Amino acid sequence: MKQTLTSTLKTVVASATVLLASVSHAQTAAGDVKAGEAKAAMCIGCHGIPGYQNSFPEIHRVPMISGQSAGYISAALQAYRKGDRKHPTMRGIAGSLSDQDIADLAAFYSAHNAGVTAPEQPKAPPAAVAALLEKGACTSCHGANFSKPIDPSYPKIAGQHADYLFVALKSYNVQGNPYIGRANPIMGGITQQFSNAELKQIANYLATVQGELATKPQPRFR
């Protein structure tokens with residue numbers, strides 16, 4: 001029965017991915033790395049300082065985005081702008097960006113950790129965590145090494161800060177809050193299977209996996 005449920009979840013995830021990919025690809029503008037660098041002033045105050053912490057909705061390090069896929073950065077900023085992601089600061093910033101601004105910033109940050117490639121095989125998780133990852137079909141979207149998502153609008157998550165991942169995972173379970181939460185039917189269906197303690201176990205493991213993400217200080221912060 002457990003295997004049947006996992007297989008069904010993988011099928012649903014794959015089908016939804018195909019649908020969402022066709023929409024996201026149609027809406028993606030071509031980005032320019034140099035233009036993105038010039039537009040990143042509003043980003044580097046948080047994402048350009050190693051270890052920088054955000055206090056909302058709880059204290060956690062801001063995510064590493066250098067080396068993240070351009071498709072994901074674009075999708076995330078569009079979600080903040082639309083209100084599907086409800087972080088007030090990020091929504092305010094994203095709301096000031098045009099489609100071209102988003103594409104340029106995505107191009108800049110995706111190329112910002114060039115030359116770093118994650119190993120094909122991640123470090124083995126503890127048995128309990130392996131069971132959680134299988135239950136959530138995590139590799140079905142994020143790749144076997146958690147750095148090769150099957151769709152560019154999905155994030156690389158290997159090596160990402162554990163406290164950020166935990167906050168992000170919990171946010172998919174928030175309903176009806178105007179300031180907190182993420183509206184994503186795929187992730188919402190997955191995270192609702194887990195307790196907060198289990199989500200923390202997943203986040204803690206993923207943070208130990210060698211990935212392609214980094215925080216790259218900008219000149220004014222070096």
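Residue positions within a chain follow its written sequence, with the count starting from 1. Residues qualify for local features only when their pLDDT is at least 70, as the model is predicted, and side-chain atom pairs are given and counted only at 80 or more; totals for whole chains, interfaces and linings, by contrast, use all residues. Hydrogens and water molecules were not included; the side-chain quantities draw on all heavy atoms of the structure.

**Q** How would you summarise helix H7 (residues 127-136) if you had to cite specific residues and measurements?
**A** In this scheme, a residue with accessible area under 20% of its type's maximum is buried, one over 50% is exposed, and one in between is partly exposed, where area comes from a 1.4 Å probe on protein chains only. Going along the chain from the N terminus, every DSSP run of H or I of four or more residues is numbered as a helix, and every run of E of two or more is numbered as a strand. Among all positions in H7, only Val129, Leu132, Leu133 and Gly136 are buried. The arc that holds the buried residues of H7, viewed along the axis, is 100 degrees, so those residues lie on one side. Just downstream of H7 lies Ala137, where phi reads positive at about 50 degrees. In this context, the arc is that of the directions from the helix axis out to the C-beta atoms.

**Q** Explain the nonpolar core to me, and be specific about the residues and the numbers.
**A** Buried Ala, Val, Leu, Ile, Met, Phe, Trp, Tyr and Cys residues form a nonpolar core when they are joined through side-chain atoms within 4.5 Å. Within the largest apolar cluster, 27 residues are counted, with the highest numbers of intra-cluster contacts made by Leu133, Phe146, Leu165, Phe194, Ile202, Tyr205 and Leu206. Broken down by secondary-structure element, the contributors of at least two residues to this core are helix H4 (70-82), H7, helix H8 (138-142), helix H9 (162-171), helix H10 (185-191) and helix H11 (196-208). Those residues in contact with Leu165, other than ones at most four positions away along the chain, are Ile157, Gln160, Ala203, Leu206 and Ala207. Core analysis: the second largest hydrophobic core is formed by 15 residues, Cys43, Ile44, Leu97 and Tyr109 among them. Contacts: residue pairs with any heavy atoms within 4.5 Å of one another.

**Q** Hey, could you go over unusual backbone geometry for me, with residue numbers and the actual values?
**A** Pro57 follows Phe56 through a cis peptide bond whose omega is -5 degrees. Turning to its location among the elements, Pro57 is positioned in the loop between strand S1 (53-54) and strand S2 (60-61). Within the chain, Ala137 stands out as a residue other than glycine whose phi angle is a positive 50 degrees. Inspection of the secondary structure assignment puts Ala137 in the loop between H7 and H8. Positioned with a positive phi, Phe146 is a non-glycine residue whose angle comes to about 65 degrees.

Nothing here speaks to function; it is all geometry.
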